[in-house]
Amino acid sequence: MCAIAGIIGIPCDQNAQEGMLATMTRRGPDEVGVYRDPEAVLLHARLAVIDLQGGKQPMELTWAGERYTIVYNGELYNTPEVRRELEQAGHCFTGHSDTEVVLHSYAQWGPDCLDRFNGIFAFGIWEEKARKLFLGRDRMGVKPLFFKRHQGGLLFASE
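Computed from a prediction, not measured in an experiment: that's the story for all the values here.

**Digging into the pairing of strand β6 (residues 119–127)**
Part 1: Burial within β6 is extensive, with nine of its nine residues counted as buried.
Part 2: Side-chain alternation along β6 places G119, F121, F123, I125 and E127 on one buried face and I120, A122, G124 and W126 on a second face that is also buried.
Part 3: Relative to β6, strand β5 (residues 66–76) is paired through nine bridges, and the arrangement is antiparallel. Paired with E75 across the strands is I120, a residue of β6.
Part 4: As paired strands, β6 and strand β7 (residues 132–137) are joined by six bridges and run antiparallel to one another. Among the inter-strand pairings, W126 is bridged to a residue of β7, identified as L133.
Part 5: Where β6 folds back on β7, the antiparallel hairpin that results is connected by four residues, among which R131 adopts a positive phi of roughly 60°.

Right under this line is the structure:
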């Protein structure tokens, strides 16, 4: 199990960030990761199961002029099939994690990527150039994803 969180459009100092990470480490005791942007902070606490080196998060990808950053919790059951389809579309992978497949899928298909996924998951992807966030969750809500509009911005987390 992992934990994810994000703060979009709200100032977040180091103390707030560390406080949020502290609440997440019980779900992801192996390592934590942080992505900071002037408008976005993405947090991840990882329970390392697959691709110990290549699956580190937040994970970033530059594709077609956009820079995407993901925080992800879940398991994509059809990873090999989706990965093959992406490779045929010209995507190259550096690791073997389903996180990387989800990230490339969003870069390729945008929100329609959800139609291709079979699994349990919750994730947030920040588009740096477009300055927008996409949140996705499995259809049954097995992996939780909570969000709240707050002070003109958005907070999200897996708990």
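**Describing the sheet that holds strand β9 (residues 153–157)**
Strand pairing in a sheet is mediated by backbone hydrogen bonds. Such pairs are either parallel or antiparallel.
Part 1: Read across the open sheet, the five strands follow the order β2-β3-β1-β9-β8; overall the sheet is antiparallel. The sheet terminates laterally at β2 (31–36) and β8 (146–150), the two strands that pair on one side only. Across the sheet, the mean angle separating the axes of adjacent strands is 10° when strand polarity is ignored.
Part 2: Bridge count for strand β1 (residues 3–8) against strand β3 (residues 40–46) is six bridges, and the pairing is antiparallel. Note that in β3 the partner of G6 across the bridge is L42.

**Some remarks on helix α2 (residues 79–88)**
Because the α-helix completes a turn every 3.6 residues, residues three or four places apart line up on one side.
Part 1: Taken as a whole, α2 has its buried residues at T79, V82, R83 and L86. Angularly, the buried residues of α2 cover 100° about the axis, an arc narrow enough to put them on a single face.
Part 2: In this fold, the buried residues of α2 make contact with β5 and α3 (98–109).
Part 3: Positive phi shows up at G90, right after α2, with a value of about 105°.

How each quantity is defined
Numbering of residues begins from 1 in every chain and follows the order in which that chain's sequence is written. Reporting in this predicted model follows two pLDDT cut-offs: at least 70 for local features of residues, and 80 or more for side-chain atom pairs to be given and counted; totals over whole chains, interfaces and linings ignore these cut-offs and use all residues. Hydrogens and water are ignored here; the side-chain numbers use all heavy atoms of the structure. Partly exposed residues are those whose accessible area sits between 20% and 50% of the maximum for their type, while under 20% is buried and over 50% is exposed, using a 1.4 Å probe and protein chains only. In DSSP terms, a helix is any run of H or I states spanning at least four residues, a strand is any run of E spanning at least two, and both are numbered starting from the N terminus. By definition, two strands form a pair when at least two bridges between them are found by DSSP. Lines fitted to C-alpha atoms define the axes here, with helix axes fitted over just the stretch in contact, and angles between the N-to-C directions of these axes take values from 0 to 180 degrees. What the arc measures is the spread of directions leading from the helix axis to the C-beta atoms. Note on definitions: a residue-residue contact is assigned when non-hydrogen atoms from the two residues lie within 4.5 Å.

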